[in-house]
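# Structural overview for review
The chain contents come next:
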Amino acid sequence: MLKIGVIGCGAIGRDHIRRLRDLVPGATVTACSDYFRESAKLAAKQYDIPHIYDTGEALIESAEVDAVLIASSDASHAEYVLACIKQGKPVLCEKPLAQTSADCEKIIKAELAGGKRLVQVGFMRRYDPGYREMKRIVLSGELGNPLMIHAAHRNMQQPDGLTSEMGISNIAIHELDICRWLLGDEYKNGQVLKVRQSSYSVKGYDNPQIVLLETDLGCRIDVEVQLSDGYGYDIQCQVVCEKGTVHLPDPYAVITRSGAGRTVPILTDWSQRFIQAYDIELTEWVQAVENNAGHGPGAWDGYAACVAADALNRSRNTGSFMEIQMMTKPALYADS
Ligand code: ISE
């Protein structure tokens with residue numbers, strides 16, 4: 001049994017604890033911690049977790065913990081990931097890997113110094129069966145070369161304190177990862193634009209925003225980002241290839257026909273949309289750690305998404321595209 005310690009016992013942390021305990025073969029949650037000790041105590045009680053630690057660092061160092069899952073606030077990710085690498089412990093860190101590309105570079109340097117990949121980033125969409133099938137079709141070449149991606153990331157609401165910048169670095173970060181993964185291509189430049197603002201933009205952030213990207217191979221990507229859209233949680237993705245298009249399926253929903261109309265419900269909360277992807281992500285991570293084999297999205301992928309997010313946020317209000325420049329890829333990340 002792989003002994004896992006979970007840092008961060010908020011909504012996503014507790015959901016992962018439940019998943020690891022009830023669903024993932026070969027895993028047991030032996031420890032938890034939270035900045036708010038009460039949250040850790042509640043989670044420990046609800047899920048019979050034997051050890052509670054006052055700090056994430058103490059959990060990481062504990063002999064009761066073989067591997068770590070980080071689900072704490074974004075600002076704490078980088079330091080915890082570095083502490084895991086120092087202890088030589090595998091870690092699955094929720095996205096984003098860090099808040100800046102400079103912090104991602106520190107993580108890459110630490111991993112390189114140890115000569116071993118230990119870090120996985122919680123880009124769970126890569127485990128979603130819909131996105132996986134899209135990738136298979138694009139890769140197969142049966143539709144010719146991919147040319148463009150049109151995507152939308154629409155949320156019904158976001159918590160207070162969210163900024164326009166976080167709309168890119170915390171929310172559109174999923175598209176920044178999934179688009180380069182679908183295309184097998186890197187970003188060359190990008191720009192974020194504010195468009196006519198929706199009357200649902202009441203919390204001080206830009207809403208909607210549009211992200212525009214160009215890849216090294218000349219593909220163009222547009223991502224519509226809405227932080228409060230007034231109707232639901234709606235993720236769209238369409239890859240346009242030479243001979244056809246590939247679309248992300250909508251989540252399963254029963255259609256009602258009545259009153260001369262057809263109704264299909266749309267989710268309102270993001271936590272329901274990628275449940276299967278999270279299940280597969282955690283199952284495959286535990287298997288990979290136990291077998292010391294295979295890698296999901298790693299530190300390089302977290303870095304690539306962060307470099308793009310940084311450039312996009314720099315482009316805000318400049319009216320121009322910003323170069324997206326990454327360091328040379330170290331051999332350790334050859335398959336990323
Ligand atoms: C949330 O943190 C997530 O990661 C979701 O996937 C994303 O769609 C949502 O906008 C974020 O708030």
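Structure's up top.
Summarised in this report is the structure supplied together with it. (Residues numbered from 1 in each chain as written. Predicted model: local features only at pLDDT ≥ 70, side-chain atom pairs only at ≥ 80, totals over all residues. Heavy atoms only, no water.)

Helix-helix packing: each pair is described by the crossing angle between the helix axes and the interaxial distance. Remark: helix H6 (residues 129-140) packs on helix H8 (residues 173-183), axes separated minimally by 8 Å, with the N-to-C direction vectors making an angle of 35°. Between H6 and H8, the contacting residues are Tyr131, Arg132, Met134, Lys135 and Val138 on the first element and Ile178, Trp181 and Leu182 on the second. Of the residues belonging to the contact of H6 with H8, the class tally is 6 nonpolar, no polar and 2 charged. (Axes fitted to C-alpha atoms, helices over the stretch in contact; angles between N-to-C directions. Helix = DSSP H or I, 4+ residues; strand = E, 2+ residues; numbered from the N terminus. Contact = heavy atoms within 4.5 Å. Nonpolar A, V, L, I, M, F, W, Y, C, P; charged D, E, K, R; others polar.)

On inspection of all chains with the given rule, the structure shows 4 aromatic pairs. For the ring pair Tyr35 and Phe36, a centre distance of 5.1 Å and an interplane angle of 85° mean the geometry is edge-to-face. Each member of the pair Tyr35 and Phe36 is classed as exposed. With 6.1 Å between their ring centres and 25° between their planes, Trp300 and Tyr333 make a pair best called stacked. Pair noted here: Trp300 is in helix H10 (residues 299-315) and Tyr333 is in the segment after strand S15 (322-323), with a separation of 33 residues, a long-range link. Comparing Trp300 with Tyr333, the two get one shared label, buried. Counting every residue linked through ring pairs, the aromatic cluster contains Trp300, Tyr303 and Tyr333. Sitting over the ring of Phe321, Arg220 keeps its end group 5.9 Å from the ring centre. Here the basic side chain of Arg273 rests over the ring of Phe274, its NZ or CZ set 4.5 Å away from the ring centre. (Phe/Tyr/Trp six-rings, centres within 6.5 Å; stacked < 30°, edge-to-face > 60°. Buried < 20%, exposed > 50% of the residue type's maximum accessible area, 1.4 Å probe, protein only. Lys NZ or Arg CZ within 6 Å of the ring centre and 35° of its normal.)

What follows concerns the pairing of strand S6 (residues 119-122). Side chains Val119 and Val121 project from S6 onto one buried face, and the interleaved Gln120 and Gly122 project onto a second face that is buried too. The sheet contact formed by strand S5 (residues 91-94) and S6 spans 4 bridges and is parallel. If you follow Glu94 over to S6, its bridge partner there is Gly122. The handedness of the S5 to S6 crossover, carried by helix H5 (residues 101-114), is right-handed. (Pairing = 2+ DSSP bridges. Right-handed = clockwise from strand over helix to strand, strands pointing away.)

Another point: the sheet that holds strand S11 (residues 234-241). Pairing is mixed in the open sheet, where 7 strands are placed in the order S12-S11-S7-S10-S9-S8-S15. The open sheet has two edge strands, strand S12 (245-247) and S15, and neither has a second partner. Each of strand S7 (146-154), strand S8 (187-194), strand S9 (209-215), strand S10 (220-226) and S11 touches H8; the most contacted strand, S7, lies at about 155° to it. Strands in contact with H10 are S8, S9 and S15; relative to S8, the strand with the most contacts, it is inclined by about 45°.

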